[in-house]
Amino acid sequence: MPANTSPIYPLTPNAGVPGVVLTAANTAKDGTGTTALLFTAGANGARLDKIRAKAAATNVATVARFFLNNGSTPATAANNIFIGELALAAVTLTEVAAQVEPEWVAGFPIPAGWKVYVCIATAVAGGWAFAALGGDY
């Protein structure tokens, strides 16, 4: 017996938390340590479509890691789920060429009040800026 025969679509755009820029390293793979809140699902849940990274200045190579959190403190490992990572190549900022904008494609629903956190594995000088793109139901 089908429970839902009609697709649902996000009602309100959700661009996550503005201004998330990371420079500090975090090698923990359980969502604890130095992380930054990137996205919070609305009262009816949300769909996270993708996360985009952009170098804020010249940086060494690192990796970004993303964690789904149940809405409680991310300092407790049991509250976090490692959901993906994105390689971030070394970047030398220039004024004569566009920089790459790596994206991690999510495309999945998030329960109401749950959150997505991000960290980087290697300390960088200039910082990596992150933007989450999705919508609330």
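The structure under discussion appears in the preceding block.
Because the structure is predicted, anything quoted here is derived from the model rather than measured.

K.L.:
Honestly, the pairing of strand 4 (residues 46–55) in this entry has me stumped. Any pointers?
P.N.:
A regular strand places its side chains so that they alternate between the two faces of the sheet. Pairing geometry for strand 4 and strand 7 (residues 103–110), over 6 bridges, is antiparallel. Note on strand 7: the bridge partner recorded for Arg47 is Pro109. Across 9 bridges, strand 4 lies against strand 9 (residues 128–136) in antiparallel orientation. Paired with Ile51 across the two strands is Ala132, which belongs to strand 9.

K.L.:
Please clarify how the environment of Leu11 should be interpreted in this entry.
P.N.:
Structurally, Leu11 is set in the segment before strand 1 (12–14). You can call Leu11 exposed: its relative accessible area is 69%. For the pair Leu11 and Lys50, spaced 39 residues apart in the sequence, the C-alpha separation amounts to 17 Å. When neighbours within four sequence positions are excluded, Leu11 is seen to be in contact with Asp136 and Tyr137.

K.L.:
Please explain the pairing of strand 9 as it appears in this structure.
P.N.:
Both strand 1 and strand 9 contribute to a ladder of 3 bridges, which runs antiparallel. Paired with Pro13 across the two strands is Gly135, which belongs to strand 9.

K.L.:
Would you mind going over the side chain of Asn69 with me for this structure?
P.N.:
Checked against the element boundaries, Asn69 lands in strand 5 (residues 62–69). Here the side chain of Asn69 touches Ser72 through a polar contact of 3.1 Å, landing on its backbone oxygen. Within the structure, Asn69 has its side chain in polar contact with the side chain of Asn80 (distance 2.8 Å). Every residue in contact with Asn69, bar those within four places of it in the chain, is listed here: Pro74, Asn79, Asn80, Trp114, Lys115 and Tyr117.

K.L.:
Whenever I open this one, the sheet that holds strand 8 (residues 115–120) confuses me. Can you help?
P.N.:
Through backbone hydrogen bonds, the strands of a sheet pair up, either in parallel or in antiparallel fashion. Taken in spatial order, the 4 strands line up as 3-8-5-6 in an open sheet, and their pairing is antiparallel. Among the strands making up the open sheet, the edge pair consists of strand 3 (36–40) and strand 6 (80–88). Strand after strand, the sheet turns through a mean of 25° between neighbouring axes, direction not considered.

About the thresholds
Residues numbered from 1 in each chain as written. Predicted model: local features only at pLDDT ≥ 70, side-chain atom pairs only at ≥ 80, totals over all residues. Heavy atoms only, no water. Pairing = 2+ DSSP bridges. Helix = DSSP H or I, 4+ residues; strand = E, 2+ residues; numbered from the N terminus. Buried < 20%, exposed > 50% of the residue type's maximum accessible area, 1.4 Å probe, protein only. Contact = heavy atoms within 4.5 Å. Polar contact = N/O pair within 3.5 Å; in protein donor to acceptor, adjacent residues only side chain to side chain. Axes fitted to C-alpha atoms, helices over the stretch in contact; angles between N-to-C directions.

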